[in-house]
Amino acid sequence: MVMSIYKLLVPSIGSNQRVISGTAAETTMRQLQARGTRSNAQIWNMLDGHTLRIIMQARGIDTFGTTDLLLFKDILRHMGLEGFPGLPATNVFCIDQQWVFEITRAENPDIVEFVSDDYGVHTQTAGPMELKPLKGGAGINWILGHAFRLKGVRFTCLPATDVVKQGGLESSNMVIGAATAAGSILRGIDWDLGTIFTEATRWENDVLGGLTGGQGLAAGILGGAHSVEWAAHMHPYAGVARELFGPERYGEFEAHVGFLLPVSKDEDRASVDINQQWTAHALTKEGSRVQSVFTKLSQQAAAGYSAQARINWAAVTDAVQQQTDIRANICPAFLGGVEDLARALVVRQGDRILRAIARPGAGGPGTPVLVYSTTEELAREAVELVENRLDYRLSPTPIQFEGIREAGFAVPAQPIEIRES
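(A) Representation of the pairing of strand β13 (residues 352-358) in the model. Of all seven residues that make up β13, six are buried, and the element is covered over most of its length. In terms of strand pairing, strand β12 (residues 347-349) meets β13 through three bridges, oriented antiparallel. Note that in β13 the partner of Val-347 across the bridge is Arg-355. Here β13 pairs with strand β14 (residues 369-373) via four bridges, running antiparallel. Note that in β14 the partner of Ile-357 across the bridge is Val-371.

Shown next, in the form of structure tokens:
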């Protein structure tokens, strides 16, 4: 009998109690600030001579991201699950590429700093910030300086590889999650990883103006290959993660799924325009029907990955290509820059899909192309069509914390785990 292991990305109260109803787990600023056990002076002294690091593997591959399930996200955020057929499954796979964040003392004990050389950002703020949608580095300063009332802290996003910075790989999701973890650790609130996930996702979606849904942060916390269902009946931003397969299947996955980096046209990536078009469609009657189709297809893909003996690639490729065909029909820019390549890569045999393609995130020019093949021969053939590709490996490594205990802080507790036969 197969043992199913579920990890609950939900808030905890104390050590064992969970908040599992409605919106009761949402934290107000007053509650948050009252829980901290350390003053800024204490934090400043504890950081002296120390560098804290938070490391997460990148969600390099997905099959149905939360970008695809926009209507569901809107319902999840504002309406709950009533009337929605089933839970969509975001299937996420971490690769051997990392996001690394450092927390150190700022040069000035009265300011908060956010630094990212990759994006040319060096933001300094002093005092509380106005609660409103914020872009760029100001969002991180809002989390650290306003939500957690920190001072004298420097938060740095270390340079990442070009692959990690490709469109659709959740850079904002990861940095906001890491900043939330850093605030909890420094202030002494000591949230577990489930609470960090829900608060970071809520802040990004409802305060900072993002629409990521949390899939990148969920993947970075867990590592490996997981299906994450969005369980709004437990918390508006709860996730229930189930491992799709372990390292024993990594080689099979890597032999069937290609990560291709085609040369893009010289134009800006149109992710915002694509998402606006997709959102507008999702809110129509036909869009609601399409979202229900996507929910069923996402579950089909999850079942295919976790099939006994080996992955059911026919189920996976069928679900993936149905999704891509729907997205491309509604949002022509979804395949922008790779239209000819897409026609060459997709292989159909009657009603069967032998080789399918997908794009992470919103798609559009500059986004990687993911290729799913029913056979290794078809996978090798796909690679020959694109010179620029990533020879990736799946990574089982969950979120890592370095230097935390050495400086006298506590490492966040792991997500609640449930095992069922």
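(B) Layout of the packing of helix α10 (residues 285-305) against helix α11 (residues 313-330). Running from N to C, α10 and α11 point in directions that differ by 155°, and their axes come no closer than 8 Å. In terms of their interaxial angle, α10 and α11 are classed as roughly antiparallel. The two elements α10 and α11 meet at a crossing, and its hand is left-handed. Contacts between α10 and α11 pair Val-290, Val-293, Phe-294, Leu-297, Gln-300, Ala-301, Gly-304 and Tyr-305 from the former with Trp-313, Ala-315, Val-316, Asp-318, Ala-319, Gln-322, Gln-323, Ile-326, Arg-327 and Ile-330 from the latter. Residues belonging to the contact of α10 with α11 are distributed by class as follows: 12 nonpolar, four polar and two charged.

(C) A look at α10. Taking 1.5 Å of rise per residue, the 21 residues of α10 would be expected to cover 30 Å, and the 31 Å separating its terminal C-alpha atoms lies within 8% of that figure. Taken together, the buried positions of α10 are occupied by Gly-287, Val-290, Gln-291, Ser-292, Phe-294, Thr-295, Leu-297, Ser-298, Ala-301, Ala-302, Gly-304 and Tyr-305.

(D) The arrangement of the packing of helix α6 (residues 193-207) against helix α7 (residues 215-222) in detail. Interhelical geometry of α6 versus α7 gives an angle of 160° and a closest axis separation of 10 Å. Taken together, α6 and α7 sit at an angle that is classed as roughly antiparallel. Where α6 crosses over α7, the two elements pack in a sense that is right-handed. Listed contacts from α7 to Leu-193, Ile-196, Phe-197, Ala-200 and Thr-201 of α6 are Leu-217, Ala-218 and Ile-221.

(E) Looking closely at the sheet that holds β13. One open sheet accounts for five strands, arranged β12-β13-β14-β11-β15; its pairing is antiparallel. Whereas interior strands pair on both sides, the edge strands pair on one side only; in this sheet they are β12 and β15 (389-390). Helix-sheet contacts for α11 involve β11 (257-260), β12, β13 and β14, and the interaxial angle to β13 is about 55°.

(F) The arrangement of the nonpolar core in detail. Counting 59 residues, the largest nonpolar core has Phe-101, Phe-155 and Leu-186 as its most contacted members. Looking at this core element by element, the count peaks at nine residues for helix α5 (residues 171-187). Ignoring sequence-local partners within four residues, the contact set of Phe-101 consists of Leu-52, Arg-53, Ile-54, Met-56, Phe-155, Thr-156, Cys-157, Met-174, Val-175 and Ala-178. Counting residues in hydrophobic clusters, the runner-up holds 51 residues, among them Ile-61, Phe-93, Phe-253 and Ala-319.

(G) Local environment of the environment of Val-92. Relative to the helices and strands, Val-92 is located in strand β5 (residues 89-105). Not counting chain neighbours up to four residues away, the residues in contact with Val-92 comprise Arg-59, Ile-61, Asp-62, Gln-215, Ala-219, Gly-224, Ala-225, His-226 and Val-228.

(H) Geometry of the pattern of salt bridges. Here the structure, examined in full by the defined rule, presents 13 salt bridges. Between Arg-154 and Glu-113 there is a salt bridge, with the nearest N and O atoms lying 3.7 Å from each other. Taken together, the residues Arg-154 in strand β8 (residues 153-157) and Glu-113 in strand β6 (residues 112-116) connect sequence positions 41 residues apart. Using a relative accessible area of 22% as the deciding quantity, one classes Arg-154 as partly exposed.

Definitions and cut-offs
Residues numbered from 1 in each chain as written. Predicted model: local features only at pLDDT ≥ 70, side-chain atom pairs only at ≥ 80, totals over all residues. Heavy atoms only, no water. Buried < 20%, exposed > 50% of the residue type's maximum accessible area, 1.4 Å probe, protein only. Helix = DSSP H or I, 4+ residues; strand = E, 2+ residues; numbered from the N terminus. Pairing = 2+ DSSP bridges. Axes fitted to C-alpha atoms, helices over the stretch in contact; angles between N-to-C directions. Parallel < 35°, antiparallel > 145°, perpendicular 65-115°, else oblique. Left-handed = near helix turned anticlockwise from the far one by under 90°. Contact = heavy atoms within 4.5 Å. Nonpolar A, V, L, I, M, F, W, Y, C, P; charged D, E, K, R; others polar. Expected span 1.5 Å × (residues − 1). Core = buried A, V, L, I, M, F, W, Y, C linked by side-chain atoms within 4.5 Å. Salt bridge = Lys/Arg side-chain N within 4 Å of Asp/Glu carboxyl O.

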